[in-house]
Structure formats: C-alpha cells, structure tokens
Amino acid sequence: MIIAIDGPAASGKGTLARRIAAHYALPHLDTGLLYRAVAARCLALGLLDDVAASEAAAARLDVAAIDPEALRSAAMGEAASVVAARPGVRAALLDLQRRFAAQERGAVLDGRDIGTVICPDADVKLFVTAAPQVRAERRFKELAGRGAAVTFADVLADIEKRDERDSLRSAAPLVKADDAALLDTSALGIEAAFDAAMALVTQRLGQRG
Ligand code: CDP
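Quantities reported herein were computed from a predicted structural model and do not represent experimental measurements.

1. Let's talk about the side chain of E78
Now for step 1: Tracing the backbone shows E78 in helix α4 (residues 74-84).
Now for step 2: At 2.8 Å, the side chain of E78 forms a polar contact with the side chain of R165.
Now for step 3: Other than its neighbours up to four places away in sequence, E78 contacts D158, K161, R162 and R165.

Structure follows, in structure tokens:
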C-alpha cells in the first residue's frame, strides 16, 4: 500500500505522514529532507546558484548520511526550494523515491509531488493544507522552540515566498492531484488532524476495495 501525502510548508503533512506510517507499520520517507540535504551540500560549497553543482549533489546524495536535525532551519527550507525548482535535481532524485515507494509492504511518502509525479498510482493520496497564518504560527513555534532567532513576520514571509516558488515552478509544481483527498488542518490540532486523515485514508481504501 502506497500513501502519498503532499502539501505546502508547515501544513502538518510531515506529522500526519509519520503517524499514518506508524499506524500501518509502513516505512516513511520525508522527501523534503532530500532537497534540504542537496541544498546543504551546495551551501557548504558556496554553490547554491550553480545548477550543475546542485544536480551533481543530487546524483551523489547518500540518503543514509542525512541528519534531519541539521537541516531544519528556515534558511535550509528556502535553499531547498531553490534547488528543488531545477528539473535536473528533481530527475536525479526520482529513482530513489520510486524505489522507496516500491518496497514490498508499501510506504508512506510526503512532499510536494508525490501524488502527481513520484507515485501517480498511489493507493491513497492526501493533499494537506492550512491557512498561511496558521502554518506560519506553527512553524514559528517550532523554530522558536528550538532556540532559533526568528520573528513571526519573517516566518510568514518565508512561507509565502516558498509557497509561491513551489507552486509556480514548471518542474513538478506544488499542486493537488485530481484524485487526492483535501484535508484543511487550519482549525485542527494534531489529534483531530490525525483522526480526519485516517477517516480519509480508510474511506479511500474502502473505495479501492
Ligand atoms: O517542512 P516544510 O514543508 O517546510 O519543507 P520540506 O517538506 O522539508 O520541503 C522543503 C522544500 O523542498 C520545499 O519548499 C520544496 O521546494 C522542496 N520539495 C519539493 O520540491 N518536492 C518535494 N517532494 C519535497 C520538498
């Protein structure tokens, strides 16, 4: 069983993907980490603007060596969105995502293009969203909680800029797949969002028989 979860920054898709994966005992891939890791490598080399360097970093990415904690900053999210707009970077990361999805028991993947490009035949597709103000509030609390020196206004501006870049790019833009179920978590806490997501998942699985 493949479950594809897409949505914009801080929509709750990562938390939901982890919880749903745990519920079904499926492996989970946070695909945003792949783009963040490519961006980190480019930043370390001072080559974020170099398309060929970012493609090479994507082609050589060692997934086992990714340290999620080192990649959580707002700056890394912004840099990830820059490299993620490059078709060559996306192409270099395609196979490893599809291989992950093709594991025998199935998998849960979350990102921006899982239901549209990576796993168009996924058994269940969710598109998780929330109002920008709500997403910015969540991300602000998360970053501030980790001691980052950020303001709410900065976080909101970052989210709006990334939403725009991710949605308007020509390579695998952030868009709801036609057959994805929409889940707006603006008014939902984690537990309520999980319950709503599980209701959609079981409904979809029931429809597939
Ligand atoms: O956690 P958050 O939603 O803020 O970000 P993320 O999922 O770690 O993704 C960081 C950036 O990577 C996004 O803004 C996208 O530009 C890019 N990304 C993508 O293009 N495709 C994916 N499947 C996942 C992430």
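2. What about the packing of helix α1 (residues 13-24) against helix α9 (residues 190-208)?
Now for step 1: Packing of α1 against α9 brings their axes to within 10 Å, and their N-to-C directions diverge by 60 degrees. Looking at the two axes, α1 sits oblique to α9. Between α1 and α9 lies a crossing of right-handed hand. Residues T15, L16, R19, I20, H23 and Y24 of α1 form the contact with α9, whose participating residues are I190, E191, A193, F194, A197, M198, V201, T202 and L205.
Now for step 2: Classifying every residue of the contact of α1 with α9 gives 10 nonpolar, three polar and two charged.

3. Describing the pattern of salt bridges
Now for step 1: Under the counting rule described, the total for this entry stands at 13 salt bridges.
Now for step 2: Taking the shortest distance from any N to any O, the salt bridge between R112 and D166 comes out at 3.4 Å. Placement of the pair is R112 in the loop between β3 (107-111) and α6 (114-118) and D166 in helix α8 (residues 152-168), with a sequence separation of 54 residues. Each member of the pair, R112 together with D166, is buried.
Now for step 3: A salt bridge links R139 to E142; its shortest N-O distance comes to 3.2 Å. On the criterion of helical spacing, the pair formed by R139 and E142 is a turn pair, its members being three residues apart in helix α7 (residues 132-145).
Now for step 4: Judged by its relative accessible area of 16%, R139 is buried.

4. As for the site of the ligand
Now for step 1: Near the ligand you find 18 residues, and of these K13, R36, R90, R139 and D166 are the closest.
Now for step 2: R36 has a polar side-chain atom sitting 2.6 Å from an oxygen atom of the ligand.
Now for step 3: In the model, an oxygen atom of the ligand is placed 2.6 Å from a nitrogen or oxygen of the D166 side chain.
Now for step 4: For the ligand, whose free accessible area comes to 530 Å², the fraction covered by protein is 96%.
Now for step 5: The set of elements that each furnish at least two residues to the shell around the ligand consists of α2 (32-45), α4 and α8.
Now for step 6: Looking at the shell around the ligand residue by residue, the class counts come to five nonpolar, four polar and nine charged.

Calculation notes
Residues numbered from 1 in each chain as written. Predicted model: local features only at pLDDT ≥ 70, side-chain atom pairs only at ≥ 80, totals over all residues. Heavy atoms only, no water. Helix = DSSP H or I, 4+ residues; strand = E, 2+ residues; numbered from the N terminus. Polar contact = N/O pair within 3.5 Å; in protein donor to acceptor, adjacent residues only side chain to side chain. Contact = heavy atoms within 4.5 Å. Axes fitted to C-alpha atoms, helices over the stretch in contact; angles between N-to-C directions. Parallel < 35°, antiparallel > 145°, perpendicular 65-115°, else oblique. Left-handed = near helix turned anticlockwise from the far one by under 90°. Nonpolar A, V, L, I, M, F, W, Y, C, P; charged D, E, K, R; others polar. Salt bridge = Lys/Arg side-chain N within 4 Å of Asp/Glu carboxyl O. Buried < 20%, exposed > 50% of the residue type's maximum accessible area, 1.4 Å probe, protein only. Near = heavy atom within 4 Å. Areas by Shrake-Rupley, 256 points an atom, 1.4 Å probe, with all protein chains shown as cover.

Any link to function would need more than the numbers given here.
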